[in-house]
Amino acid sequence: MRRYICKRLGVYAAIFVGVTILIFGMMMAMPGDPFSGLMLDPSIPPEYIEQQQEKLGLNDPVPIQYIKWVSRILRGDMGFTSDGRPAAPQVWAAMKNTFLITIPSFLFSTLIAVLFGIYSAIHVNRFFDKAVTLLTFLEVSIPTFFLALTCVKFFGYDLQLLPVSGLHSLTGNLTGWAYIQDSILHMILPVSILTLTQTSSMLRYTRSSLLEVIGQDYVRTARAKGLTRKQAILRHGVKNALLPMITIFCMRLPVIVSGALFTETVFVWPGIGMLNYNSIMGREYSIIIAIAAMQAIIILMTNLLADILYMVADPRIRLGGVKQS
Amino acid sequence: MKKLWMRLCQMHGRKELSAEHLSFGQLTIKRFCRDRWAVFGCIVILAVLCIVLAAPVICEYKPETIDKSMIRKAPGEGHILGTDDYGRDVFSRLVYGGRVSMAVAVCATALQLFFGIVLGSFAGYFGKWVDSFIMRVADVFMCFPFYIIAVCLAAILGPGLRNTIIILGFLGWPSLCRMVRAEILSIKENDFIMAAKSLGLSSGEIMFRHILPNVISPIIVSATLSVAGAIMSEASLSFLNLGVKIPQPSWGNMLSSAQSMNTLINEWWRWVPPGLCIIIVILSINYIGEGLRKAMTPKAGE
């Protein structure tokens, strides 16, 4: 088991190096550096620029620059945007807004996916199952932004039911309960869209993984011992079917942080996705790079978490019986 | 003897022994045709392809022609689906946009297949450090949420048809590569590979003549599904103005006009039709993929 952990950690270290090299390469490929504007200005002595470049390490050989950059990123220093403000506070502020919609939608979608998936697998090929299968299939085929736009038009303008943009209403200074109510109203549409888009793939996964388990011998054994089909599935099947779900669950965790590019863009929700989009439009490369680096590192960590959880949950790996490729 | 055989067949509820004479391909087609949704999807895709390829014949207007006298006209005489804010005919943009979207998807999938199959078979066949290296590179790519890295690359390369294809092709290969590798690993253990080796065949011959034909069915399935994925990604990138550039039409960048509130509320004909087209095409392709998967791996389906 210790050998397994060490091996995995080695693999993750290698991936981390790869990821940072890739991001660093992208950063180098992006046009412009902080001094390209100053160089054209004759009133600034070239010695000053050189001095500053030296200070920032822009003249160092590439590998040194890379190491310095990685250590800065790991300390949470994300550089500056073009107007001279540090990038990190902007990213953190956007992250807070993103959490407002991603955490509820993550919880809802997990709950719905697991419950509906189990129900649908138990009652396989009945009406409910067929309807759910059809709906999930339809959902995967609809672009998120189209769904969101349709909702904006339908709920926001045709029915005048829900607010469709921003965190809260611009008019008036709401306080206390009214403020919370207003915020929740603004959250309804983005959260529902996000929930919908996240549910379908997980639901399909739950259903198929449970269906696979239902055909196993131990479920039949449980039934032979006198349990009803439902009891056998719920007591013996679900536990085993949820094991591979750990991977899916952990793979989805980063969504909480990465936000939703399209949902946030359509609903003008000032989160990470929106910040990313605006940075691209405004060519704020330091923010684009910071977000990419943050995402990659978080995904790396959740993958590690998935590995560890899997190890804890699955005795076959814990006791070293299964050869890992 | 023949009589006895017929009796046996009847006893087992079969008229004659037909299935045994069919090749794998014929069997697949037979099973595929039994899937109503998949056949329906095929018909839809064929129809869309015909329309899109016959674009110059169908469309009265060129998709890029600007007509200042016909700005933002609602659907009606002359313009079946109205016009956009430069007076361009929405219907012909839709048809030509379909051309662009499909072409991007097919080219990107071809790129993905190339990278995925070549790298995956290298990794699976040679094993050892080749395998670890290729798989770590794939892991690195899989460490990014698709849209975040796609958007980064689009910001570096700039928007455009060619760059969109490159981005989608470049980012899509890791999952395919993993699949091909896993399949090859399991096939490599078979005796017929050992036989081929002992006959003195070269690695290339074994890989392409003996291993790849056995991996072809999962590859076909995932290629089909990745065409659908590429249409979706192209539309999404173009929606953010990072994909195919206006004035060249694509379903995605037609939808991006709906980012303006006025268009969204008052001019449905500019964004609903491309959206519906995307949904219908992706849905059909997904059904075809699903049908193919069931037809090629009968155990998983039934």
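Residues numbered from 1 in each chain as written. Chains lettered and ligands numbered in written order. Predicted model: local features only at pLDDT ≥ 70, side-chain atom pairs only at ≥ 80, totals over all residues.

### Details of the overall build of chain B
- A count of helices and strands for chain B gives 14 helices and zero strands.
- Helices (α) and strands (β) of chain B occur, in sequence order from the N terminus, as α-α-α-α-α-α-α-α-α-α-α-α-α-α.
- With the C-alpha coordinates of chain B rotated into their principal frame, the extents come out at 80 × 55 × 30 Å.
- In chain B, which comprises 302 residues, the proportion classed as buried is 43%.
- Contacts spanning at least 24 positions in sequence make up 66% of the contacts within chain B whose residues lie at least 6 apart. (Helix = DSSP H or I, 4+ residues; strand = E, 2+ residues; numbered from the N terminus. Buried ≥ 20, exposed ≤ 12 C-beta atoms within 10 Å, placed from the backbone. Contact = placed C-beta atoms within 7 Å.)

### Looking at the overall build of chain A
- A count of helices and strands for chain A gives 15 helices and zero strands.
- Evaluated residue by residue, chain A yields a buried proportion of 31% over its 325 residues.

### Focus on the confidence of the model for chain B
Residues and elements named next belong to chain B.
- Mean pLDDT over chain B works out to 84, with 92% of the residues at or above the 70 mark.
- Least confident of the elements in chain B is helix α14 (residues 298-301), whose mean pLDDT is 52; most confident is helix α3 (residues 36-53), at 91.
- As a predicted assembly, this complex carries a pTM of 0.84 together with an ipTM value of 0.82. (pLDDT = per-residue confidence, 0-100.)

### What about the packing of helix α9 (residues 217-224) of chain A against helix α10 (residues 229-252) of chain A?
All names here are of chain A.
- Packing of α9 against α10 leaves a shortest axis separation of 9 Å and a crossing angle of 130 degrees. In terms of their interaxial angle, α9 and α10 are classed as oblique. Of the two possible hands of crossing, α9 and α10 adopt the one that is right-handed. Along its contact with α9, which presents Y218, V219, A222 and R223, the element α10 presents R229, A232, I233, H236 and G237.
- A breakdown of the residues in the contact of α9 with α10 according to their chemical character gives five nonpolar, two polar and two charged. (Axes fitted to C-alpha atoms, helices over the stretch in contact; angles between N-to-C directions. Parallel < 35°, antiparallel > 145°, perpendicular 65-115°, else oblique. Left-handed = near helix turned anticlockwise from the far one by under 90°. Nonpolar A, V, L, I, M, F, W, Y, C, P; charged D, E, K, R; others polar.)

### Side note on the nonpolar core
- A148(A), L149(A), A290(A), I291(A), A292(A), A150(B) and I231(B) are the most contacted members of the largest nonpolar core, which totals 105 residues.
- Counting residues per element, this core draws most heavily on helix α13 (residues 268-296) of chain B, which supplies 13 residues.
- If we ignore the near neighbours within four places in the chain, the residues touching L149(A) are V266(A), A258(B), L264(B) and W271(B).
- Counting residues in hydrophobic clusters, the runner-up holds 16 residues, among them Y125(B), I134(B), A138(B) and C177(B). (Core = buried A, V, L, I, M, F, W, Y, C linked by C-beta atoms within 7 Å.)

### Concerning helix α6 (residues 127-141) of chain A
- Its 15 residues place the ends of α6(A) 21 Å apart at the C-alpha level, agreeing with the 21 Å of an ideal helix rising 1.5 Å per residue.
- When α6(A) is considered as a whole, its buried residues turn out to be V132(A), T136(A) and S141(A).
- Looking at the buried positions of α6(A), the neighbouring elements they touch are α5 (87-122) and α8 (176-214) of chain A together with α13 of chain B. (Expected span 1.5 Å × (residues − 1).)

### So, the environment of L276(B)
All names here are of chain B.
- Residue position: L276 is located in helix α13.
- L276 gets classed as partly exposed once you count the C-beta atoms within 10 Å, which come to 14.
- A sequence separation of 135 residues divides L276 from F141, and the C-alpha atoms of the two residues are 31 Å apart.

### Here's the deal with the environment of L234(A)
All names here are of chain A.
- Turning to its location among the elements, L234 is positioned in helix α10.
- By the C-beta count within 10 Å, which is 14 here, L234 ends up partly exposed.
- Residues L234 and L210 lie 24 residues apart in sequence; the distance between their C-alpha atoms is 9.9 Å.

### What about the interface of chain A and chain B?
- Taken together, the 34 residues of chain A in the interface contact 30 residues of chain B.
- Those elements giving two or more residues to the side of chain A that touches chain B turn out to be α1 (2-29), α6, α7 (144-158), α12 (261-266), α13 (272-281) and α14 (285-313) of chain A.
- Considering only residue class, the side of chain A that touches chain B consists of 28 nonpolar, five polar and one charged.

### Describing the environment of I165(B)
Residue and element names in this part refer to chain B.
- As for its position among the elements, I165 is in helix α8 (residues 161-188).
- For the pair I165 and M70, spaced 95 residues apart in the sequence, the C-alpha separation amounts to 33 Å.
- The contacts of I165, once residues within four sequence positions are left out, are V104, C107, A108 and L111.

### With respect to unusual backbone geometry
- One non-glycine residue, V268(A), lies in the positive phi region at around 50 degrees.
- Summarising the element assignment, V268(A) is placed in the loop between α12 and α13.
- Exposure remark for V268(A): the 13 C-beta atoms within 10 Å place this residue in the partly exposed category.
- With a phi close to 60 degrees, N241(B) is a non-glycine residue in the positive phi region.
- Residue placement: N241(B) occurs in the loop between α10 (203-239) and α11 (251-255).
- C-beta crowding within 10 Å serves as the criterion here: with 18 such atoms nearby, N241(B) is assigned to the partly exposed category.

### Focus: the packing of α5(A) against α8(A)
All names here are of chain A.
- In the contact formed by α5 and α8, the axes pass within 6 Å of each other and the chain directions differ by 35 degrees. In this structure, α5 crosses over α8, and the sense of that crossing is right-handed.
- In terms of residue class, the contact of α5 with α8 is made up of 20 nonpolar, ten polar and one charged.

### Focus: helix α9 (residues 191-198) of chain B
- A small share of α9(B) lies buried, amounting to zero of its eight residues.
- At the C-terminal side of α9(B), G200(B) shows a positive phi close to 90 degrees.

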